[in-house]
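Remarks on the overall topology
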Amino acid sequence: MSRPDVVDSVVALRARIRDWRRDGLRIAMVPTMGALHDGHLSLVKIALERADRCVVSIFVNPTQFAPSEDLDKYPRQLERDLDMLAEAQADLAFTPDVSEMYAAGFATKISVGGPSAGLETAFRPTFFDGVATVVAKLLLQAAPDLAIFGEKDYQQLCVVRQLCRDLDMPVEIIGAPTIRDAHGLAMSSRNAYLDEAELEIARQLNLILREAAAALAAGANQQQTIAEAIRALTAAGFHKVDYVEARESLTLAPWRQDRVGRILAAAWLGKTRLIDNLEVPAV
Ligand code: PAF
């Protein structure tokens, strides 16, 4: 299987997109920060089921990392990523560097309200400004018909939907189900930081959320269920739990039992922060 072509400038990206458009092709985009895994490949698969061509961006976006976060440590493995994209039959990789994405004098920030409130923002206050700004740029650069985002980053998916709706961006946003290992652990580039003992603990996250989601769906008291989930995560070996919360699945407003909900969590194992979420059916 051949590797996708690689372009690293917006001009070259637009030239390829223009050629595809001239041929009447439908175009999908999968934005990533590289360090690809099966979760990303599932996004490419969905893209190619719905479009004729798939462009994958690989860009470790500095503006979504706080100074205290792991920007320098974030895994960068372009050659391996391109091999994986060959396997997934992606057509084009867009690999801009920081100066291509943020030219000298760059001074714009997109700040999305609504679903960005709380959850991740309570712990990473500038994260979604960075995500919204780079996603808006990527979608304007490639102008795809559709773009695929994983439900693993559920709040991000809601923020991107809000962004595109509010700015009338002519792109369909598709949410893709989380890909999990045999133990239910959600695939994440950050799993690479975990040793065997930490992986064992990490695998408890989805089990504990599953139990909490089932309890909520069965009508259990929300506060008690959440408190129990936090206790269970700590007992399993997570060093710190940033949050476990139930939210309304579309707007991320506080969950009401008669609505479909989402239970979302973030917890630390050593220096690694893991997030996960699951649907909570309406009671
Ligand atoms: O989910 C990610 O990998 C990133 O947040 C994204 C959407 C590619 C923006 O940098």
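Let us look at the structure shown here. (Residues numbered from 1 in each chain as written. Predicted model: local features only at pLDDT ≥ 70, side-chain atom pairs only at ≥ 80, totals over all residues. Heavy atoms only, no water.)

Moving on, we come to the overall build of the protein. Each helix and strand counted, the protein has 10 helices and nine strands in total. On C-alpha atoms alone, the protein measures out to a radius of gyration of 19 Å, which is about the 19 Å that the 2.2 N^0.38 rule sets for 283 residues. If you line up the protein on its principal axes, its C-alpha atoms span 55 × 40 × 40 Å. Within the protein, contacts between residues separated by at least 24 positions form 73% of all contacts whose residues are at least 6 apart in sequence. For the protein, the exposed area adds up to about 13,100 Å²; of that, 52% sits on carbon and sulfur atoms. Averaging the positions of the 31 positive and the 38 negative side-chain charges in the protein gives two centres separated by 3 Å. (Helix = DSSP H or I, 4+ residues; strand = E, 2+ residues; numbered from the N terminus. Rg over C-alpha atoms; globule rule 2.2 N^0.38 Å. Contact = heavy atoms within 4.5 Å. Areas by Shrake-Rupley, 256 points an atom, 1.4 Å probe, with all protein chains shown as cover. Lys, Arg positive; Asp, Glu negative; His and termini not counted. Charge placed at Lys NZ, Arg CZ, Asp CG, Glu CD.)

Here the focus is the packing of helix α2 (residues 38–50) against helix α3 (residues 78–88). Direction vectors running N to C along α2 and α3 enclose 40 degrees, while the axes themselves pass 10 Å from each other. When the interaxial angle is binned, α2 and α3 end up oblique. For the pair α2 and α3, the sense of crossing is right-handed. Seen from α2, the contacting residues are Asp38, Leu41, Val44 and Leu48; seen from α3, they are Met84, Leu85, Glu87 and Ala88. When the residues that make up the contact of α2 with α3 are grouped by side-chain class, the tally is six nonpolar, no polar and two charged. (Axes fitted to C-alpha atoms, helices over the stretch in contact; angles between N-to-C directions. Parallel < 35°, antiparallel > 145°, perpendicular 65-115°, else oblique. Left-handed = near helix turned anticlockwise from the far one by under 90°. Nonpolar A, V, L, I, M, F, W, Y, C, P; charged D, E, K, R; others polar.)

On to the side chain of Ser57. Along the chain, the position of Ser57 falls in strand β3 (residues 53–58). Note on Ser57: relative accessible area 0%, which makes it buried. The residues contacting Ser57, other than those within four sequence positions of it, are Met29, Val30, Pro31, Thr32, Phe94 and Leu138. (Buried < 20%, exposed > 50% of the residue type's maximum accessible area, 1.4 Å probe, protein only.)

Attention now goes to helix α9 (residues 204–217). For α9, spanning 14 residues, the distance from its first C-alpha to its last is 20 Å, which sits close to the expected 20 Å at 1.5 Å a residue. Of all the residues in α9, the buried ones are Leu205, Asn206, Ile208, Leu209, Ala212, Ala213 and Leu216. The buried residues of α9 all sit within an arc of 160 degrees when viewed along its axis, so they share a single face. Buried residues in α9 make contact with α8 (196–202), α10 (222–236), β7 (240–248), β8 (261–269) and β9 (272–280). In the segment just after α9, Gly219 is the residue with positive phi, at about 95 degrees. (Expected span 1.5 Å × (residues − 1). Arc of directions from axis to C-beta.)

Let us look at the site of the ligand. Taken together, the neighbourhood of the ligand is formed by Pro31, Thr32, Met33, Asn61, Gln64, Val131, Val134, Val135, Phe149 and Gln156. Here an oxygen atom of the ligand sits 2.6 Å away from a polar atom, N or O, in the side chain of Gln64. Taking Gln156, its side chain carries an N or O atom lying 2.7 Å from an oxygen atom of the ligand. Relative to its free-state accessible area of 290 Å², the ligand is covered by the protein chains to the extent of 89%. Looking at the shell around the ligand, the element that brings in the most residues is helix α6 (residues 127–142), giving three residues. Of the residues assigned to the shell around the ligand, the class counts are six nonpolar, four polar and no charged. (Near = heavy atom within 4 Å. Polar contact = N/O pair within 3.5 Å; in protein donor to acceptor, adjacent residues only side chain to side chain.)

Burial of β8 is extensive: eight of the nine residues sit out of reach of the surface. Two elements, β8 and β9, share nine bridges in a ladder whose sense is antiparallel. Within β9, the residue paired with Leu269 across the bridge is Thr272. If you look at the hairpin formed by β8 and β9, you'll find two residues sitting between the two strands, and Gly270 has a positive phi there, around 60 degrees. (Pairing = 2+ DSSP bridges.)

Note: most residues except glycine have negative phi, and most peptide bonds are trans. A positive phi angle is found at Ala35, which is not glycine, with a value near 50 degrees. Counting through the fold element by element, Ala35 comes out in the loop between β2 (27–32) and α2. Despite not being glycine, Ala143 has its phi angle at roughly 45 degrees, a positive value. Positionally, Ala143 belongs in the loop between α6 and β5 (146–150).

Before going further, it helps to examine the sheet that holds β9. The strand order across the open sheet built from three strands is β7-β8-β9, with neighbouring strands paired in antiparallel fashion. Only two strands of the sheet have a single partner each, and these edge strands are β7 and β9. Sheet twist, expressed as the average angle between the axes of neighbouring strands with direction ignored, equals 10 degrees. Its contacts with the sheet place α9 against β7, β8 and β9, and it is angled at close to 30 degrees to β9. Contacts from α10 reach β7 and β8 within the one sheet, and its direction differs from that of β7 by about 150 degrees.

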